[in-house]
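Tertiary structure, described
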Amino acid sequence: MVRSGELVDDVRGPAPSPCTTCPYRRDVASGVWDVEEYEKLRGYDAPTWGQPQKVWICHSSATPTTEQRLCAGWCGCHDGEHLFALRVAEAHRTLAPEVIAAAIEYVSPVPLFDSGNEAADHGMADFLWPGRETMEAIAKVRRLRGRT
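A brief report on the enclosed structure follows. Source: prediction; values computed, not measured. (Residues numbered from 1 in each chain as written. Predicted model: local features only at pLDDT ≥ 70, side-chain atom pairs only at ≥ 80, totals over all residues. Heavy atoms only, no water.)

Once that is clear, we can look at the overall build of the protein. When its secondary structure is counted, the protein shows 6 helices and 2 strands. Looking at the protein as a whole, 43% of its 148 residues are labelled buried. For the protein, long-range pairs separated by at least 24 residues make up 72% of all intrachain contacts whose partners lie at least 6 apart in sequence. As displayed, the protein offers around 8500 Å² of accessible surface, 53% of which is attributable to carbon and sulfur atoms. (Helix = DSSP H or I, 4+ residues; strand = E, 2+ residues; numbered from the N terminus. Buried < 20%, exposed > 50% of the residue type's maximum accessible area, 1.4 Å probe, protein only. Contact = heavy atoms within 4.5 Å. Areas by Shrake-Rupley, 256 points an atom, 1.4 Å probe, with all protein chains shown as cover.)

This paragraph deals with the nonpolar core. By size, the foremost hydrophobic cluster in this structure holds 38 residues, and its most contacted members are Tyr-24, Val-32, Leu-70, Trp-74, Leu-86 and Leu-95. Those elements that provide at least two residues to this core are α1 (35–42), α2 (72–77), α3 (84–92), α4 (97–105), α5 (116–125) and α6 (132–144). No other element matches the 4 residues that α2 contributes to this core. (Core = buried A, V, L, I, M, F, W, Y, C linked by side-chain atoms within 4.5 Å.)

What follows is about the packing of aromatic side chains. Going through the model one piece at a time under the given rule, you end up with 2 aromatic pairs. Each ring, one from Tyr-44 and one from Trp-56, has its centre 6.1 Å from the other, and the planes form 75°; the classification is edge-to-face. Here the residue Tyr-44 occupies a position in the loop between α1 and β2 (68–69), and Trp-56 occupies one in the loop between α1 and β2, the gap between them amounting to 12 residues. When sorted by exposure, Tyr-44 lands in the same class as Trp-56, which is buried. (Phe/Tyr/Trp six-rings, centres within 6.5 Å; stacked < 30°, edge-to-face > 60°.)

By secondary structure assignment, the location of Glu-98 is in helix α4. The exposure class of Glu-98 is exposed, given its relative accessible area of 58%. Along the chain, Glu-98 and Gly-13 lie 85 residues apart, while their C-alpha atoms are 7.9 Å from each other.

Contact geometry for α1 and α5: axes closest at 7 Å, N-to-C directions at 160°. As the angle between them shows, α1 and α5 are arranged roughly antiparallel. Crossing of α1 against α5: the hand is left-handed. Facing Val-35, Tyr-38, Glu-39, Leu-41 and Arg-42 of α1, the residues of α5 in contact are Gly-116, Asn-117, Ala-119, Ala-120, Asp-121, Gly-123 and Met-124. When its residues are assigned to classes, the contact of α1 with α5 shows 6 nonpolar, 3 polar and 3 charged. (Axes fitted to C-alpha atoms, helices over the stretch in contact; angles between N-to-C directions. Parallel < 35°, antiparallel > 145°, perpendicular 65-115°, else oblique. Left-handed = near helix turned anticlockwise from the far one by under 90°. Nonpolar A, V, L, I, M, F, W, Y, C, P; charged D, E, K, R; others polar.)

Note on pairing: side chains with opposite charge can pair once their charged atoms come close. Tallied over the full model, the rule gives 8 salt bridges. Between Arg-12 and Glu-67 there is a salt bridge, with the nearest N and O atoms lying 3.0 Å from each other. Placement of Arg-12 in strand β1 (residues 11–12) and of Glu-67 in the loop between α1 and β2 is noted, with a sequence separation of 55 residues between them. Owing to a relative accessible area of 36%, Arg-12 belongs among the partly exposed residues under this scheme. Across the pair Glu-39 and Arg-42 runs a salt bridge whose closest N-O atoms are separated by 3.0 Å. Within this pair, Glu-39 and its partner Arg-42 are both found in helix α1, separated by 3 residues, close to a single helical turn. Residues joined in a network through salt bridges with shared partners are Arg-26, Asp-114 and Glu-118. (Salt bridge = Lys/Arg side-chain N within 4 Å of Asp/Glu carboxyl O.)

This part is about the side chain of Gln-51. Tracing the chain through its elements places Gln-51 in the loop between α1 and β2. Relative accessible area serves as the criterion here: at 8%, Gln-51 is assigned to the buried category. Among the polar contacts made by the side chain of Gln-51, one reaches the main-chain carbonyl oxygen of Ala-46 at a distance of 2.9 Å. A polar side-chain atom of Gln-51 sits 3.1 Å from the main-chain carbonyl oxygen of His-82. With residues near it in sequence (within four places) discarded, Gln-51 still touches Gly-43, Tyr-44, Ala-46, His-82, Leu-83 and Phe-84. (Polar contact = N/O pair within 3.5 Å; in protein donor to acceptor, adjacent residues only side chain to side chain.)

The structure is reproduced here in structure tokens:
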């Protein structure tokens, strides 16, 4: 039973660098993720009050063998001070204060798109015609998630 004000999510802060298949990375292949996943990125570009309430979890950390982390690309692309999802997590105490601070202070060591819209546009550009690099990235994600 969870008591009022008790931290309930077991989500860690962002990794030191966005994963190699992160949709926010400029050097990731187009078409790795489903169109619905790319469309979700756009919502975090809205004014604070109009953004999604859920934090963005790293796709690579959402596997049975890893702990969940905030997406480093999400943290690095968006201004954490204006992410509604972090404000909700703070108000409801669903993320530890140090996790929220790490998200707000995060600076990516690799180039990221300037917005969720740019990342989504890039990701969907080759969705219907994925190249070799995309197919290799998809295979990597499937291996991580224990799928064939």
